[in-house]
Structures are given as structure tokens and as C-alpha cells.
Amino acid sequence: MQEVKRVSVREIIAERKSKKKLFGLFKLSRGKSVWENVIAVGLFACSVFTILVTLGIIITLFSETINFFSRPEVNLWDFLTGTNWRPLSSNPSPENFGVRPLIRGTLMIAFISGAVALPIGLGSAIYLSEYASEEVRKVLKPALEVLAGIPTVVYGYFAISFITPLLQRVLEDGLGIDVSFFNALSASVVVGVMIIPMVASISEDAMRAVPSSLREGAYALGATKFEVATKVVVPAALSGIIAAFILAISRAIGETMAVMIAAGATPRMTLNPLESVQTMTSFIVQVSFGDAPSGSINGQAIYAVGATLFVITFLMNIISDIVLRRFREVYE
Amino acid sequence: MSADQNSNNHDIVFTTKQLSVYYGRQLAIRDIDLSIQRHKITAIIGPSGCGKSTLLRSFNRMNELIPTARVEGQVYYNEKNIYAEGIDPVSIRRHIGMVFQKPNPFPKSIYDNVAFGARINKYQGDMDELVERSLRQAALWDEVKDKLKDSGLALSGGQQQRLCIARALATEPDVILMDEPASALDPIATLRIEELMEELKRNYTIIVVTHNMQQASRVSDMTAFLSIDRNDLEARIGILVEYGATQRMFIKPEMQETEDYITGRFG
């Protein structure tokens, strides 16, 4: 017995020694076939490729942004605090390059779509995780996820061909409130519908990850199904649910096509969702469709706006990452 | 069997009549007739898979959480059939506490864990007082009184299990069902749970499922021995083989099968 043990330890040491580390990036082992090593290198290349592309995007984005801000017509402070966005005016000056109307338009869409998607998404997650039978769940969940597969341009036309006329009929004809043909509310509603599957699906995963022993514990104390869902399962899955919310809001912030079609392209410092607004992404598309030559002030402005958007969504992703990490620690 | 059950009705908490439980088409336990005495500890013993937990879970209708489960026969709780039509299992469970095999405190503070049941029952009295009383009864107060706001999951396994007992006590139940409450604990924590059961028996009726023969003989007053029906080993149907006072069951069991199991010849 002793002898056997010693031999095996020696073998392990020998095997460890045979593993050469190439720049410490992957372990190549002498005992294995060449093919194995080729695979390891290939997979490594795949992951490096993604990182390089991301780096390339970031470099392009920020170098053009720096070029933009080194122009005499603009400066960073007025860009971040100004309330007028008139990049196409014949007089390019700092007061025409204030990004806040775009940020406000973006946040308004994100806020209203969140108000649509979060309650409905969470409600369907609770239903799927706690109430639905296995058969119902098997049908409903994929059906819900189909919503996520619809091209966003379709959502945009759904907004102007169905939701906007509906709003006009109800609000304008019924209550006498002015509704622009292009308006933020219509766009927000479809973006909200668009992100429901994301909220529902991720929240439901988080809720199903809650151990059933916790549910049993609550049932045994005389909790009703609704109490089990709202007082035990949702709190235990809260970090996952919050992460789902943040991801969905990030998606709403980044959404372009549907918003562009339904909300129009009027940068405006407004809080009225029935007016047309412009978001950061729809500005980028608007200019890209025109013929702003590269190196022109407008050609560079889209990079500055893009960088602003990047920073906002990047921060949100970091927040959701922190929240998700906490989520892993909740029940051990 | 009958000699032990001849107590008057007032001392009987539960009576099962022809109780059978199915999971889908599989019959798990068949025709169980059993009476549980008040303020006693009743142990349910038997080999793995003979339906001990299924029987225990019939007393608070927890089997219903499994969609395919079906119950036949009656269970009388204080002479009322809890499986009768129109009886809400939620109201049954508010009188019958349960402690599980693996400690399952909620990922909430110690205080909120204990207060959970009382809150959903809309407890009107002094919550702080109730929490303290329940934790004292569960012999946990001195260990946690300075950290009631800490997570219940920060406690050791034995403490977590006592927290779960405190949580059950806080709903002021009549009966406490325990499903192998010490099987996930070390011997010292097990001993504490057993001492606690001895304490609790003065105010509560306890039914405990256990794998541990010594535990059954140490703590229980009555023992029910369940086993797999030998006439049909393939089907694995749990039946009640023998039920009686623990002392007699362990010294002079009536059935050969009980003796074989207790002396470790099978199981």
C-alpha cells in the first residue's frame, strides 16, 4: 500500500514537470498529442480575437472623440452641460454642441420602457417560476423568448402603425391632449415590450435557482403561494432580478432602430413623452445616413456621442456585474 | 399494537385512517392506521425509501407541494379530517410546525427568520418579545442575542437547525414535525437538538423521523416502525409494521421484522 502511494506521488510530480508553460498562457503537456496542443492554441486565438476587436473599437471611438474635442468650435464642458444640440447649424460653436438633450431623450425612453417592462417582466417571471406547471412553462417560456427574436425595425413600424395611432385616438381625440406623430411614448412602449423577455427570462432563472428547501420552509410556516413568491423567492433572487433590470435598461438605452422610427429626430430638452425626441443612438444613425464627410465636425460628433453612450452603458454593465457577484453569495 | 393506543381521545392529536399516498401511479405508503399522542415524542423509524417522510408530510399536507402526489384515507387532527373538502392546507400548516433534514434558514437576518411566520400570520403581540421567547425555547438566544441583525446563514449548521426550530416555534404551533432533524449535524449538535426535543415535549407534540436507532430509543416515547411490504418487494410500498411504546419496541418487539431491523440485521 505504502509503495503504491509513493509511486503515484512520484508520477504526479513527473507529470507536473512535463507540463511546459508557454508564456504562462496555456499549458502544453508532453504526454498529450500534438493535436490537443493545436486545439488549445486555436481556442486561445479565438478569445484573443474578441478582445482585439473590442480594443479596436474602443481605440477608434476615443481617438475620434479626442479629435472632436480638440477642435476650437467645441469644448468638453459645454458638450456635457449644454442644452442645445444643433450640430447641423451653419454656425458651429460650443453652445450648439450640448449633448444633454440627447441624453435626456435616451434616458426618457429608457425610463418609460423600464416602467413598462419591469413590472410585466417580473410578473411573468414570478408566474413562470412559481405558478406555472411544467407543461405550461415549457410552452410559455420559449414563446416569450420569441419576442426577443423579432427584428427591432419591425417593432419600430409596429409603433408608428399601431401604437401611435392608438395614442392619438385615445389621448388626442378622446382627451384633447396633443400627440405628435413621432413621439417618445410610442417608442418607449415598444422598447419596453422588446425588453420584457430579457427581464422575464433572467429573473426567472434567478428565481428558479432559489433552493426549493426555502420554499418548503416557508410553506411549512403557513405561507400562501403568493407569500412564498414575494417574501421568500423574490428577496432571495433579488440580486439576480436587479441584474436583469440593469441589463434590460442598458439594452433600452442602446436601442436604435425602433426608437429612431417611432420617436423621430428632434433633439429637445423636454419631459413630455408625447413630443418627438432624439436619442444618442438615433443621432448617430441620422448623421451616418447623411453625407457627413469623415473628419468634418459632424463626422466626429457621432464618435463623441458614441463615446458618451459607451461610458453610460459600460458603467451600467459594471454595476450589474457587481450586483451579480453579490447574488452568487446569497445562499450557500 | 392496540394496547398502546388505548388512551382517551383528548390525548390524541392525530389519527390516520387507511392513509395511502401515491406519487403518480407509484404507491408510496399503504393503509397506515396510527394515533399520535399529545405531549409525547413519536419516532418514525424504518429503512430508506419506506415512506417515513411521506407519512410525516401527510400530517401537514406538505405532500401536496409535489404535483403528482395523491392522498387517500383520512388524517384527523384534533378529530377534524384535514383532508376533508374545503380545508385550506395553509391554515393547517399554521398549527403544525416543521423542521427539515437540512437546515433551511431564509437568507434573511436571524430576527427576520424567526419573525417570518408570525408576520405572515399577522401576529398582533410584541414581536421582539416573541422572537426572544422563541429563540430561548430553541436554546439559541444566548448565542445570537447580540447579532440578531446578522444573516441566519452565518450560523453553524447546528445553530441554523435550532434557528429553524425557533422559526417554527414562533408561529406558536401545536405539533412540531421533524424530518431527520439531526442527520446533517455533528454528534455534539445532535445531542443539543435531542436535549431540546426533551424540553419542547412539555408544550408541544413532536413527531420525528429518524434513521438513527439510538436517537429513537433515546428521545422518543412512542415508536412507529415502517418497512417495505415483504409480500411485494418489487413495488416498494411502505407499510406500518409495528407501533408501540419505545421501551417495549426496543426490548421486546412483537414482530420478527422489527427485531431484525432494530438489532441491525437489515436496513
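Student: I keep staring at the overall build of chain A and nothing clicks. Help me out?
Tutor: Along chain A, the regular secondary structure elements total 13 helices and two strands. Across chain A, the fraction of contacts at a sequence separation of at least 24, relative to all contacts at a separation of at least 6, is 68%. Here chain A displays about 17700 Å² of accessible surface, and carbon together with sulfur accounts for 67% of that area.

Student: Even after reading the chapter, I still don't get the overall build of chain B, so can you show me in this structure?
Tutor: When helices and strands are tallied, chain B shows eleven helices and ten strands. Expected size for 267 residues packed as a compact globule is a radius of gyration near 18 Å; at 18 Å, chain B falls within 12% of this value. When its C-alpha atoms are laid out on the principal axes, chain B stretches across 55 × 45 × 35 Å. Buried residues in chain B amount to 55% of all 267 residues. Residue pairs in contact within chain B that sit at least 24 positions apart in sequence constitute 71% of those at least 6 positions apart. Total accessible area on chain B stands at roughly 11800 Å², and carbon and sulfur atoms take up 47% of it. A gap of 3 Å separates the mean positions of the 32 positive and 36 negative side-chain charges of chain B.

Student: Just to check I follow, could you spell out the environment of Gly 125 of chain B for this structure?
Tutor: Tracing the chain through its elements places Gly 125 of chain B in the loop between helix H4 (110-120) and helix H5 (127-137). The spacing of Gly 125 of chain B and Arg 38 of chain B is 87 residues in sequence and 27 Å in space, taken between C-alpha atoms.

Student: Would you explain the interface of chain B and chain A in this entry?
Tutor: With 23 residues of chain B at the contact, the number on the chain A side is 19 residues. Note on chain B versus chain A: buried area summed over both sides is about 1700 Å², and carbon and sulfur give 68% of it. Counting the contacts that link chain B with chain A gives two salt bridges. Inspection of the region where chain B meets chain A yields four residue pairs in polar contact (both at pLDDT 80 or more). Contributing elements (two or more residues each) for the side of chain B that touches chain A: helix H3 (89-93), strand S6 (96-99), H4 and helix H7 (157-169) of chain B. Of the residues that constitute the side of chain B that touches chain A, the class distribution is 13 nonpolar, five polar and five charged.

Student: Even after reading the chapter, I still don't get the domain arrangement of chain B, so can you show me in this structure?
Tutor: By convention, interface size is frequently given as the accessible area that disappears when the constituent parts associate. Residues and elements named next belong to chain B. Domain boundaries in chain B define domain 1 (2-95 + 174-262) and domain 2 (105-173). Across the boundary between the two partners, domain 1 contributes 15 residues, which contact 15 residues of domain 2. The largest contributions to the domain 1 side of the interface with domain 2 come from Arg 94, Arg 192 and Leu 196, which together make up 42% of the buried area. The tally of links between domain 1 and domain 2 comes to one salt bridge. Arg 192 is the partner of Glu 143 in a salt bridge, and the nearest nitrogen-oxygen pair spans 3.3 Å. In this assembly, domain 1 and domain 2 are joined by four residue pairs in polar contact (both at pLDDT 80 or more). At the level of elements, strand S7 (175-179) and helix H8 (187-200) are the ones that each hand at least two residues to the side of domain 1 that touches domain 2.

Student: Help me out: how do you make sense of the environment of Glu 216 of chain A in this one?
Tutor: Within the secondary structure, Glu 216 of chain A is located in helix H8 (residues 212-220). Residues Glu 216 of chain A and Asn 96 of chain A, 120 residues apart in the sequence, show an inter-C-alpha distance of 62 Å. Beyond its immediate sequence surroundings of up to four residues, Glu 216 of chain A is in contact with Arg 57, Met 62, Leu 65 and Phe 100 of chain B. Polar contacts involving the side chain of Glu 216 of chain A include one to the side chain of Arg 57 of chain B, which spans 2.9 Å.

Student: Where do I start with the side chain of Asn 113 of chain B in this structure?
Tutor: Residue and element names in this part refer to chain B. For Asn 113, the position within the fold is in helix H4. The buried category is assigned to Asn 113, whose relative accessible area is 0%. Non-local contacts of Asn 113, meaning those with residues more than four positions away in its chain, are made with Pro 105, Phe 106, Lys 108, Gly 152, Leu 163 and Arg 167.

Student: I tried to follow the pairing of S7 of chain B on my own but got confused; where do I start?
Tutor: Taken residue by residue, a regular strand's side chains alternate between the two faces of the sheet. Residue and element names in this part refer to chain B. For S7, the tally of buried residues reaches five of five residues, placing the bulk of the element in the interior. Side-chain alternation along S7 places Val 175, Leu 177 and Asp 179 on one buried face and Ile 176 and Met 178 on a second face that is also buried. Here S7 runs beside strand S8 (residues 205-209); their pairing, made up of five bridges, is parallel. If you follow Leu 177 over to S8, its bridge partner there is Ile 207. Traced from S7 through H8 to S8, the parallel crossover comes out right-handed.

Student: When you look at helix H2 (residues 34-69) of chain A in this model, what are you seeing that I'm missing?
Tutor: Across its 36 residues, H2 of chain A extends 52 Å between first and last C-alpha, which sits within 8% of the 52 Å expected from 1.5 Å per residue. Those residues of H2 of chain A not exposed but buried are Asn 37, Leu 61, Thr 65 and Phe 68 of chain A.

Student: Hey, could you run me through the packing of aromatic side chains in this one?
Tutor: One pair of aromatic rings is described through two measures. These are the centre distance and the angle between the planes. Residues and elements named next belong to chain A. Tallied over the full model, the rule gives eleven aromatic pairs over all chains. Centroid distance Trp 85 to Phe 97: 5.7 Å. Interplanar angle 90°. Geometry classified as edge-to-face. Residue Trp 85 is found in the loop between helix H3 (76-81) and helix H4 (100-131), and its partner Phe 97 is found in the loop between H3 and H4; the two are separated by twelve residues along the sequence. The buried category is assigned to Phe 97, whose relative accessible area is 1%. Seen from their ring centres, Phe 310 and Phe 314 are 5.6 Å apart, and the 10° between their planes marks the pair as stacked. Taken together, the residues span about one helical turn, with Phe 310 and Phe 314 both in helix H13 (residues 297-328) at a distance of four residues. Given a relative accessible area of 26%, Phe 310 falls into the partly exposed group. For Phe 314, a relative accessible area of 44% gives the class partly exposed. In textbook terms, an aromatic cluster arises when at least three aromatic residues are bridged by ring pairs, as seen for Phe 68, Phe 69, Trp 85, Phe 97 and Phe 283.

Conventions adopted
Numbering of residues starts from 1 in every chain and runs along the sequence as written. Here every chain gets a letter starting at A, and every ligand a number starting at 1, in the order they are written. Local features in this predicted model are restricted to residues whose pLDDT is 70 or higher, and side-chain atom pairs enter the listing and the counts only when it is 80 or higher, whereas totals over whole chains, interfaces and linings include all residues. Side-chain measures here rest on the full set of heavy atoms in the structure, leaving out hydrogens and waters. The way it works is that DSSP assigns letters per residue, a run of H or I at least four long becomes a helix, a run of E at least two long becomes a strand, and they are numbered from the N terminus. By definition, residues are in contact when any of their heavy atoms lie within 4.5 Å. The accessible surface values rely on the Shrake-Rupley method and a 1.4 Å probe; as for residues, cover is taken only from the protein chains in view. Both definitions apply: the radius of gyration is a C-alpha atom measure, and the globule rule equals 2.2 Å times residues to the power 0.38. Burial classes follow relative accessibility: with a 1.4 Å probe on protein chains only, a residue under 20% of its type's maximum area counts as buried, one over 50% as exposed, and anything between as partly exposed. Under the counting rule used here, the positive set is Lys and Arg, the negative set is Asp and Glu, and His together with the chain ends is not counted. Every charge is mapped onto a representative atom, which is NZ of Lys, CZ of Arg, CG of Asp or CD of Glu. Summed over both partners, buried area is the accessible surface (1.4 Å probe) that two parts give up on being assembled. We define a salt bridge as a side-chain nitrogen of Lys or Arg found within 4 Å of a carboxyl oxygen belonging to Asp or Glu. As used in this structure description, the phrase polar contact means that two N or O atoms lie within 3.5 Å; if the pair is within protein, one of them must be able to donate a hydrogen and the other to accept it, and residues adjacent in sequence are counted only when both atoms belong to side chains. Any residue that is not Ala, Val, Leu, Ile, Met, Phe, Trp, Tyr, Cys, Pro, Asp, Glu, Lys or Arg is counted as polar, Gly included; the first ten are nonpolar and the last four charged. These domain boundaries are the output of an automatic or database domain assignment. At least two bridges found by DSSP between two strands is the condition for calling them paired. If the strands point away from the viewer and the path from the first strand over the helix to the second runs clockwise, then the crossover is right-handed. In this analysis, the expected span of each helix is defined as 1.5 Å times one less than the number of residues it contains. Only centres within 6.5 Å qualify two rings of Phe, Tyr or Trp (six-membered ring in Trp) as a pair; their planes then separate them into stacked at under 30 degrees, edge-to-face at over 60, and tilted for everything else.

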